[in-house]
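Structural overview
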Amino acid sequence: MKYEPIIKDSYYHIYNCGNNKEDIFIEERNYAYFLSLLKKHILPVAELLSYCLLKNHFHLLVKTKSNVEDKFISQAFSNCFNAYTKAINKAYGRTGSLFQDRFSRIKITDEEYLKSLIIYINNNAVHHGFTQDVSSYKYSSYQALVSDKPTLLSRTFIINLFENTENFSMVLHSKKNTIEELTLE
């Protein structure tokens, strides 16, 4: 599979899952470590807009910075995911690939698709049955986006896309209900 290079000043949906759909987050501490690697490797080259970390896969929504050369952006993502794989392999006495493949990416060029993706990512834990309520799931960006506590996320940008925090939350919860209705049919 040919991968499109990641370029500066662009929005991307970055995602991957465990090799053979195995868990990539084994314990609580793994989530925190993954987030610390995002801070170390990704924030210098991209803004983090939304994320959801689930047992066997993750989703990130980023906007690459305009002042970083393209080759450094892809390398930063690769370094981040390789560092995580090495740490998991060492901690759990495993070898080989943790992830199914190189990380997948979709370039986002349309604002409506961007908004839909924000809803999709933040509702992913509900969609996969990890929680009934998006606000109770610790490993997505939702809690940070709707709070007023300091965050490394681009909260203002996200909230402005949905006009305000209340509307963002309402849209997220209404989409959750749509997912539940489709599941019951």
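Report on the accompanying structure. (Residues numbered from 1 in each chain as written. Predicted model: local features only at pLDDT ≥ 70, side-chain atom pairs only at ≥ 80, totals over all residues. Heavy atoms only, no water.)

**Comments concerning the overall build of the protein**
Within the protein, the regular secondary structure consists of seven helices and four strands. Counting from the amino terminus, helix and strand elements in the protein follow one another as β-α-β-β-α-β-α-α-α-α-α. Over its C-alpha atoms the protein spans a radius of gyration of 16 Å, differing by no more than 12% from the 16 Å that the globule rule assigns to 185 residues. When its C-alpha atoms are laid out on the principal axes, the protein stretches across 45 × 40 × 35 Å. When the 185 residues of the protein are sorted by exposure, 45% land in the buried category. Counted over contacts in the protein with a minimum sequence separation of 6, partners at least 24 positions apart contribute 71%. For the protein, the exposed surface amounts to about 10,000 Å²; the carbon and sulfur share of it is 51%. (Helix = DSSP H or I, 4+ residues; strand = E, 2+ residues; numbered from the N terminus. Rg over C-alpha atoms; globule rule 2.2 N^0.38 Å. Buried < 20%, exposed > 50% of the residue type's maximum accessible area, 1.4 Å probe, protein only. Contact = heavy atoms within 4.5 Å. Areas by Shrake-Rupley, 256 points an atom, 1.4 Å probe, with all protein chains shown as cover.)

**Topic: the environment of serine 104**
On the secondary structure map, serine 104 appears in strand β4 (residues 104-108). Each C-alpha atom of the pair serine 104 and tyrosine 3 lies 7.6 Å from the other, and the pair is 101 residues apart in sequence. Leaving out residues up to four positions away in the same chain, serine 104 has contacts with Tyr3, His13, Ile14 and Tyr15.

**Here we look at the sheet that holds strand β3 (residues 57-64)**
Taken in spatial order, the four strands of this open sheet run β2-β3-β1-β4, and their pairing is antiparallel. Both edges of this open sheet fall to β2 (46-54) and β4, since each of them pairs with a single strand only. On average, each strand axis in the sheet is tilted by 15° relative to the strand beside it, whichever way the strands run. One ladder, built from five bridges, connects strand β1 (residues 11-17) with β4; its direction is antiparallel. In the sheet register, tyrosine 11 faces β4, and the bridge partner there is isoleucine 108. Sheet strands in contact with helix α1 (residues 28-42) are β2 and β3, and its direction is about 165° off that of β2. Each of β1 and β3 is contacted by helix α2 (residues 70-92), which is oriented at about 155° to β3, the strand it contacts most. (Pairing = 2+ DSSP bridges. Axes fitted to C-alpha atoms, helices over the stretch in contact; angles between N-to-C directions.)

**Quick word on α1**
Given a rise of 1.5 Å per residue, 15 residues ought to cover 21 Å, and the 21 Å separating the end C-alpha atoms of α1 matches this to within 8%. The complete set of buried residues in α1 reads Asn30, Tyr31, Phe34, Leu37, Leu38, His41 and Ile42. Buried positions in α1, seen along its axis, are confined to an arc of 120° and lie on one side of it. Pointing more than 90 degrees away from the buried face of α1 are the exposed residues Arg29, Lys39 and Lys40. In the core, the buried residues of α1 are packed alongside β2, β3 and α2. (Expected span 1.5 Å × (residues − 1). Arc of directions from axis to C-beta.)

**A look at unusual backbone geometry**
Even without glycine at this site, asparagine 20 takes up a positive phi of about 55°. Its location among the elements puts asparagine 20 in the loop between β1 and α1.

**Focus: the packing of aromatic side chains**
For the structure on display, the rule yields 19 aromatic pairs. An angle of 50° between the planes, with centres 5.6 Å apart, marks the rings of phenylalanine 25 and tyrosine 84 as tilted. Of this pair, phenylalanine 25 sits in the loop between β1 and α1 while tyrosine 84 sits in helix α2, placing them 59 residues apart in sequence. Among the residues examined, phenylalanine 25 registers a relative accessible area of 0% and is labelled buried. Residues phenylalanine 58 and phenylalanine 81 carry aromatic rings whose centres are separated by 5.1 Å and whose planes lie at 40° to one another, so their mutual orientation is tilted. (Phe/Tyr/Trp six-rings, centres within 6.5 Å; stacked < 30°, edge-to-face > 60°.)

**Focus on the pairing of β2**
Among the nine residues that make up β2, eight are buried, leaving the element largely enclosed by the rest of the structure. In this sheet, β3 lies alongside β2 in antiparallel orientation, the contact comprising eight bridges. Among the inter-strand pairings, serine 50 is bridged to a residue of β3, identified as leucine 61. From the end of β2 to the start of β3, which pair antiparallel, there are two residues.

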